Amino acid sequence: MSSRDDVVAKTIRPEVRALKAYPVTPPWPGIKLELMEDAHLDAGPSTAAMRREIAERVAESAFNRYPDPSAPALKSKLREKLGIAAQHDILIGTGSDEIITMLSQAILAGGGTVVSLEPSFAVFKNAALAVAGRYVGVPLRADFTLDLDATLAAITREQPRLIWVVCPNNPTGNQYPDDAVEQIIRAAPGLVIIDEAYEPFAQRSWMSRIDEFPNVLIMRTLSKIGLAGVRLGYIFGAPAWISEINKVRGPFNVGVLQQVGAEVLLDHYDELKHHAALMIQERERLQVELAKLPGVTPFPSLANFVLARFPDAGAVFDALKAHGILVRNLSAMHPLMANTLRISIGTAEQMDKLIAALKVICV
Ligand code: PMP
């Protein structure tokens, strides 16, 4: 009988054994500015009504029954609150993470090629490699602007079935110019997904333009506007695309509690939008304050975080932790990311504390 390690090695596909699991830090008791959540919903009177309503709706829900995967109530609220057009179909997932997995299964499994700009959301690569897809990363320029020539050359060379374009991009925060994205869409032989996870903070969307193209869908998430714990992502566009992706979806992928939680919070969408407006203000203030610190370079951001380069990012990360503040150190993520920290935008009070700590640390 072989040892367990041998059986694991013989059984699990080599592509999967070569992967690294997505790094998630354990719960943080202090100020958490790590994963672009809505800190305004942590506590306080403004959230009390939402909490009560969620509890009441959960108490009424048929949690002993499988959920209705077509989620009509939730989808009609998404249409109403987010302005999704009647001619577009919507597919929901347990976070947009799950939708990335579905797209990878439907398009890349067994060797299909995907192109992503780099650095970007790490899950694109993992999801492709997990289904034995071919992942091609096209580096951004050193200042994180789009290298359109290199991107178009990669599209011509690789003929990818799928291209990810994140607008605004994570972890860099910038928005690519519309005309460059349009050239990518027109050059693409397959599907282009515009990932608008951070659209509420950019207030610019490709939504009104996707019918101009036969090959574009928009993917979004409710995680950044307050529902990271509920796990609800969605993708929308022409039914011809959505109906194919729908075939690889687990039959009951979004549970009753997720559907109910998302419905209630969408009823409070105006308040969530107000939080987004506050975060935009705080983002602008943080940019200004970071630029005043010696040796620190913040990059332009239209998202709910700011990426900044520090003379010694590791030392600043540790010192912020000692002040009770957790940010994300992305220095090792990609060669272009050396000495960078990504700081999520929190409440004004949290940002006061962050800025005060940075003034002590970065002297
Ligand atoms: N796309 C981008 C660009 C992201 O940054 C994230 C989360 N960090 C996601 C998708 C996934 O979000 P979720 O699974 O929470 O919907």
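No experiment lies behind these values; they were computed from the predicted model shown. (Residues numbered from 1 in each chain as written. Predicted model: local features only at pLDDT ≥ 70, side-chain atom pairs only at ≥ 80, totals over all residues. Heavy atoms only, no water.)

What about the pairing of strand β7 (residues 216–221)?
Taking burial as the measure, the six residues of β7 include six buried ones, the bulk of the element. Side-chain alternation along β7 places V216, I218 and R220 on one buried face and L217, M219 and T221 on a second face that is also buried. Bridging between strand β6 (residues 191–195) and β7 involves four bridges; their strand directions are parallel. Looking at the pairing, D195 lines up with M219 of β7. (Buried < 20%, exposed > 50% of the residue type's maximum accessible area, 1.4 Å probe, protein only. Helix = DSSP H or I, 4+ residues; strand = E, 2+ residues; numbered from the N terminus. Pairing = 2+ DSSP bridges.)

What about the packing of helix α5 (residues 95–107) against helix α6 (residues 123–130)?
Here α5 crosses α6 at 40 degrees, and the two axes come no closer than 9 Å. The pairing of α5 with α6 is recorded here as oblique in orientation. For the crossing formed where α5 meets α6, the hand is right-handed. Residues D97, I100 and S104 of α5 pack against V123, F124, A127 and A128 of α6. In terms of residue class, the contact of α5 with α6 is built from five nonpolar, one polar and one charged. (Axes fitted to C-alpha atoms, helices over the stretch in contact; angles between N-to-C directions. Parallel < 35°, antiparallel > 145°, perpendicular 65-115°, else oblique. Left-handed = near helix turned anticlockwise from the far one by under 90°. Contact = heavy atoms within 4.5 Å. Nonpolar A, V, L, I, M, F, W, Y, C, P; charged D, E, K, R; others polar.)

Some details on helix α14 (residues 348–361)
Taking 1.5 Å per residue, 14 residues should reach 20 Å; α14 reaches 20 Å between its end C-alpha atoms and fits that length. For α14, the full list of buried residues reads Q350, M351, L354, I355, A357 and L358. Buried residues of α14, seen end-on, are gathered within an arc of 165 degrees and therefore sit on one face of the element. Residues of α14 that are exposed and point over 90 degrees away from its buried face: E349 and V360. (Expected span 1.5 Å × (residues − 1). Arc of directions from axis to C-beta.)

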